[in-house]
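Here is what each chain is made of, one letter per residue.
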Amino acid sequence: MKSVMQPSALRLYSLTKEALSQNEIKQAIDGCRALNTEFPMLFEGWWLAGCIHLHLNKPEAGLISTSRALSIKPNEPSVLIQRIECLSLLGLQQDVLEHLQILAIQECDSAALHEKIAIMLSAEHMHSEAIKHYISALADEPNNSLLHYNLAAAYRFIGDINKCEESLNACLALNYLDAEAQGMRSSLRKQSIEHNHIKELLKAYSDPDIENKAKSGICYALSKEYDDLSEPDKSFGYLTTGADIRRNAMSYDVSADEKIIQQITHTFNKAFFLKDLTGHDSVEPIFIIGLPRTGTTLLERILDSHSSVTSAGELDTFGLEVMALSSAQSGDKNSSALDLIRLSSQLDVSRLGFHYLEKARPMIFEGSHFIDKLPFNFLYAGLIHRALPNAKIINLTRHPLAACWAIYKQQFRDIYPFSYNLTDLGRYYVAYHRLMRHWQSVMPGVIHSIAYEKLVTDTELEVKKVLDFCGLNWESGCLKFHENKAPSTTASATQVRQPVYAQSIDRWRQYGKNLDELSTILIKAGIDVS
């Protein structure tokens, strides 16, 4: 990156850079201003200005300094990175994508730059491009286990399971206590008596140097592999150990979520739906809702294989817009969750729909519909319908015990805190179930429910029903969803690369004796678990 500098320029540049590293902002600003005034064609001065502008969270100024730097060194990767960060802060997503396309094909002189570029590309689901930069970074740092892991994750997103496994093996050869890598490797395929990783996992589990969080992850991997080997007692034993470790590290109280769902039910009652409200008339969004691990990703991939549909993935956009507009309306940034729910019922629903569409609509969108597959949008189904009355809402259901079991045995990353304890899980499921019954009562016919069991046993019929509900013509390509090359970033990233299979429908039954307490909670709430 550096050019040959005059001694006076080098001295001023070094002093300014040092001031910035020491957070001596005034000195850094003064030095940078002097540097760019005296040496206006010095690339490093404008690069340094970009660093300062980002440090001060001044993206508009950053665009000016990066423009000057790029006029001296066109397409310099370090400055393109700065510019992309500025554009991202300003919410200029289309410009971000255009600059990423340029950045993706640039040559770099350091592993750190390649890694930075790869991470930025991955964040925008440009995984194939990210892979090239991870490989380049590893050429310089072959013993960097994190690079191997990130490369594996990118391969998994695009469905290259074999290369994913090779990268995980390389990662674990350097650090076999990496629980995330162990868990990902275990999830890639069904393990067998001849080929499994239990010996290595048990060694990691017993390693005196393993930290508690990593030990929990190893437990989930052991549980998965023992389940593959049809050893339910061992599988459940390690699962409960791993889940208990996670749950004990949390301050979560399921009653808080129960109160939130009760407040939603109370606020969005029949009277709310009798109000004369006019939402945005767009027909574009298709919301797939439900609980995690109930087939939401499977249906997403099926619909994404239709020529008129594009998946935007799991978006938290609607909830964020509801919270932002409600907070702005109240003028109180410290409003409680319950207060925000009450305030959200008073929003201008047309404005809410417009704001959502502006931020959720995919940049590359050639069809007539896009999918928002955030399961937790079930909390907002009432507002979604009022804000976007022509949007389609599809709820995935599953046998209550099968759904809870699938959630419990999946280790999530920093979400779904109710999933690490069967009592919490049972209580949350009851609250979810009651809310969905409420939505069906106050919005009859608005939500199309589809059972996971039917989706995997009579796929064509159920898909035709969904397409009809969405106003879409039948396309046989929907049944070839496993050939869809689009990346998947969910816990089901491996499964959706396979044709529909029904083997897991009743797998929970071999754990029936371990689910008695959960079953009792559901039955007492009037939920049929037969």
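Please refer to the structure placed before this passage.
Here the structure is a predicted model, which is why all the values come from computation and not from measurement.

A. Structural context of the packing of aromatic side chains. If you walk through the whole model with that rule in mind, you get 24 aromatic pairs. Between Tyr 205 and Tyr 238, the aromatic rings sit 5.4 Å apart at their centres with planes inclined by 90°, giving edge-to-face as the arrangement. Taken together, the residues Tyr 205 in helix H12 (residues 198-206) and Tyr 238 in helix H14 (residues 232-248) connect sequence positions 33 residues apart. Their ring planes at 5° and their centres at 4.0 Å tell us that Phe 418 and Tyr 428 sit as a pair that is stacked. With Phe 418 in the loop between helix H22 (400-408) and helix H23 (422-442) and Tyr 428 in helix H23, this residue pair connects regions lying 10 residues apart in the sequence. Lys 215 extends its terminal NZ or CZ atom over the ring of Tyr 205, reaching a point 4.6 Å from the ring centre. For the cation-ring pair, Lys 464 lies above Trp 474, with the distance from its terminal atom to the ring centre recorded as 5.1 Å.

B. Main features of the nonpolar core. Counting residues in each nonpolar core, the largest one holds 70 residues, and the members touching the most others are Phe 318, Tyr 356, Phe 378, Tyr 428 and Trp 439. Leaving out residues up to four positions away in the same chain, Phe 378 has contacts with Ile 289, Gly 290, Leu 291, Tyr 428, Tyr 432, Leu 435, Met 436 and Trp 439. Core analysis: the second largest hydrophobic core is formed by 59 residues, Met 5, Cys 32, Leu 80 and Ala 130 among them.

C. Quick look at the pairing of strand S3 (residues 369-372). Residues His 369 and Ile 371 point to one face of S3 and Phe 370 and Asp 372 to the other, with burial holding for every one of them. Bridge count for strand S1 (residues 285-290) against S3 is 3 bridges, and the pairing is parallel. Within S3, the residue paired with Pro 285 across the bridge is Phe 370. One ladder, built from 3 bridges, connects strand S2 (residues 309-311) with S3; its direction is parallel. Bridge pairing in S3 places Val 309 opposite His 369.

D. Spatial organisation of unusual backbone geometry. Despite not being glycine, Ser 230 has its phi angle at roughly 60°, a positive value. Within the secondary structure, Ser 230 is located in the loop between helix H13 (212-228) and H14. Phi angles above zero are rare outside glycine, and Tyr 416 is one such case at about 55°. Mapped onto the elements, Tyr 416 comes out in the loop between H22 and H23.

E. How the structure looks around the pattern of salt bridges. Summed over all chains, the structure comprises 20 salt bridges. Residue Arg 189 pairs with Glu 165 through a salt bridge whose shortest N-O separation is 2.6 Å. Of the two residues, Arg 189 is situated in the loop between helix H11 (179-187) and H12 and Glu 165 in helix H10 (residues 161-174); the sequence distance between them amounts to 24 residues. A salt bridge links Glu 180 to Arg 413, with the shortest nitrogen-to-oxygen separation between them at 2.1 Å. In this pair, Glu 180 sits in helix H11 while Arg 413 sits in the loop between H22 and H23, placing the two residues 233 residues apart along the sequence. Judged by relative accessible area, which is 56%, Arg 413 ranks as exposed. Taken together, the shared-partner salt bridges in this structure form one network comprising Lys 26, Asp 30 and Arg 33.

Calculation criteria
- Residue positions are given per chain, counted from 1 along the sequence in the order it is written.
- In keeping with the model being predicted, local features are shown solely for residues with a pLDDT of at least 70 and side-chain atom pairs are shown and tallied solely at 80 or more, while totals for entire chains, interfaces and linings include all residues.
- To obtain the side-chain values, all non-hydrogen atoms of the structure were included, while hydrogens and water were left out.
- Ring pairs shown here join Phe, Tyr and Trp side chains whose ring centres sit within 6.5 Å, with only the six-membered ring taken for Trp; geometry is labelled stacked below 30 degrees between planes, edge-to-face above 60, and tilted in between.
- A run of H or I in DSSP counts as a helix once it spans at least four residues, and a run of E counts as a strand once it spans at least two, with each numbered from the N terminus.
- For a Lys NZ or an Arg CZ to count as sitting over a ring, it must be within 6 Å of the ring centre and within 35 degrees of the ring normal.
- We define the nonpolar core as a collection of buried residues of types Ala, Val, Leu, Ile, Met, Phe, Trp, Tyr and Cys that are connected through side-chain atoms lying within 4.5 Å of one another.
- Exposed residues in this analysis have more than 50% of their type's maximum accessible area, buried residues have under 20%, and partly exposed residues fall in between, with area computed by a 1.4 Å probe over protein chains only.
- The contact criterion used throughout is that any non-hydrogen atoms of two residues lie within 4.5 Å.
- When DSSP finds at least two bridges between two strands, those strands are taken to pair.
- Salt bridge, as used here, is a side-chain nitrogen of Lys or Arg placed within 4 Å of a carboxyl oxygen of Asp or Glu.

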